[in-house]
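What the coordinates show
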Amino acid sequence: LCTYIRHKSWLHDSRHVSVEEKMQLFLTIIRHNERYVVIKRRFQNSSRTIHKYFHEVLAMMMTFAREMIVPSTFDPNPDGPGAHKSLQRIFKEAVGALDGTLIYAIILASQQTVYRGRGKGKCYQNVLGICDFNMIFTFVYAGWEQVAHDSRVLTEVMAEPSNNFPFPPPNKYYLCDVAYTNTRGFMAPYRNVRYWLEYFRRRRAMTKEEKFNHAHAKLRNVIERAYGVLKARFPILDKMAPYPFNVQRNVVIACLAVNNFIRKEKINDELFVQYE
């Protein structure tokens, strides 16, 4: 990763701190959810220095993310897992799966209502993501409040041209769950019919609608597993540090970018093996 970043000239050695140490500092914080006081002791640097280099690397990560989180080419993926091939014959034109997830957030007391949803418990930001069938994220939009319905988030994101939403061509579509509308470019399951995989463990699919929903759920499950890898790798997403909200949003994007880098470089990674 450091070699890649040096090659792109996105980070440079400081007088006393190398690119490698800056990256190690940043990754230790997001990978182990450590606070500055711990990093200060471990790296023998002042809190001011830790703060400076954390934000320097985070800003660089936004550029890195634009290279790591890129839209699908909408062509069949020859490297897709073998277990999905039979399912992909059913959904021949599917180019990925789309879903939202909730990431823990620290919100000012005056703004907590919309991030807390039902008015109790923790606050969360709503993240919209798309991944291909190799568990690589091809689009992400972070920072929505929890109360926003998944379909509303999608509609708003698509409506803003600057978001560069990768809308599939007419003959392609994303798989999505019942929270989204079944329309051109988005294939949702039958409503009011069994859908979630655990519902089929006790009794197999009987009708053609149930068989369709079961196959749909098994293939769309790739994004659930992709989120599973992401959250298992970065505990900071479950207990975010009290950064300003825009920094919290950028931390989520940085975590996705690093996760994609590991997958794209075909690094032998225990988490991807476990969730695959």
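For clarity, every value in this text was computed on a predicted model and none was experimentally measured.

The next subject is the side chain of N163. One can find N163 in the loop between α7 (150–159) and β4 (173–175). If we ignore the near neighbours within four places in the chain, the residues touching N163 are F139, Y141, E156 and V157.

This part takes up unusual backbone geometry. Phi at S9 is positive, roughly 60 degrees, even though this residue is not glycine. Turning to its location among the elements, S9 is positioned in the loop between α1 (2–8) and α2 (19–32). The exposure class assigned to S9 is partly exposed, which follows from its relative accessible area of 44%. Phi at N33 takes a positive value of approximately 55 degrees, unusual for a residue other than glycine. Here N33 falls in the buried class, since its relative accessible area comes to 16%.

Moving on, we come to the pattern of salt bridges. Inspection of the entire model under this criterion finds 12 salt bridges. Close ionic contact of K208 with E209 constitutes a salt bridge, the shortest N to O distance being 3.0 Å. Note that E276 is salt-bridged to R263, the shortest N-O span being 2.6 Å. Here E276 is found in the segment after α10 (270–275), whereas its partner R263 is found in helix α9 (residues 245–264), with 13 residues between them in sequence. Members of the salt-bridge network, linked through shared partners, are R6, D13 and E20.

Okay, α9 next. Look at α9: 29 Å from first C-alpha to last across 20 residues, which is about the 28 Å you get at 1.5 Å a residue. By the criterion of burial, α9 is predominantly enclosed, with 16 of the 20 residues buried. Of the residues flanking the end of α9, it is K266, one or two places downstream, whose phi is positive at about 55 degrees.

A word on the side chain of Q125. Among the secondary structure elements, Q125 is positioned in strand β2 (residues 123–131). Look at Q125 and you get buried, because its relative accessible area is 0%. Separated by 3.0 Å, the side chain of Q125 and the backbone nitrogen of G143 make a polar contact. Setting aside anything within four residues of it in sequence, one finds Q125 in contact with T101, L102, I103, A105, A142, G143, W144, F245, Q248, R249 and V252.

How each quantity is defined
- Residues numbered from 1 in each chain as written.
- Predicted model: local features only at pLDDT ≥ 70, side-chain atom pairs only at ≥ 80, totals over all residues.
- Heavy atoms only, no water.
- Helix = DSSP H or I, 4+ residues; strand = E, 2+ residues; numbered from the N terminus.
- Contact = heavy atoms within 4.5 Å.
- Buried < 20%, exposed > 50% of the residue type's maximum accessible area, 1.4 Å probe, protein only.
- Salt bridge = Lys/Arg side-chain N within 4 Å of Asp/Glu carboxyl O.
- Expected span 1.5 Å × (residues − 1).
- Polar contact = N/O pair within 3.5 Å; in protein donor to acceptor, adjacent residues only side chain to side chain.

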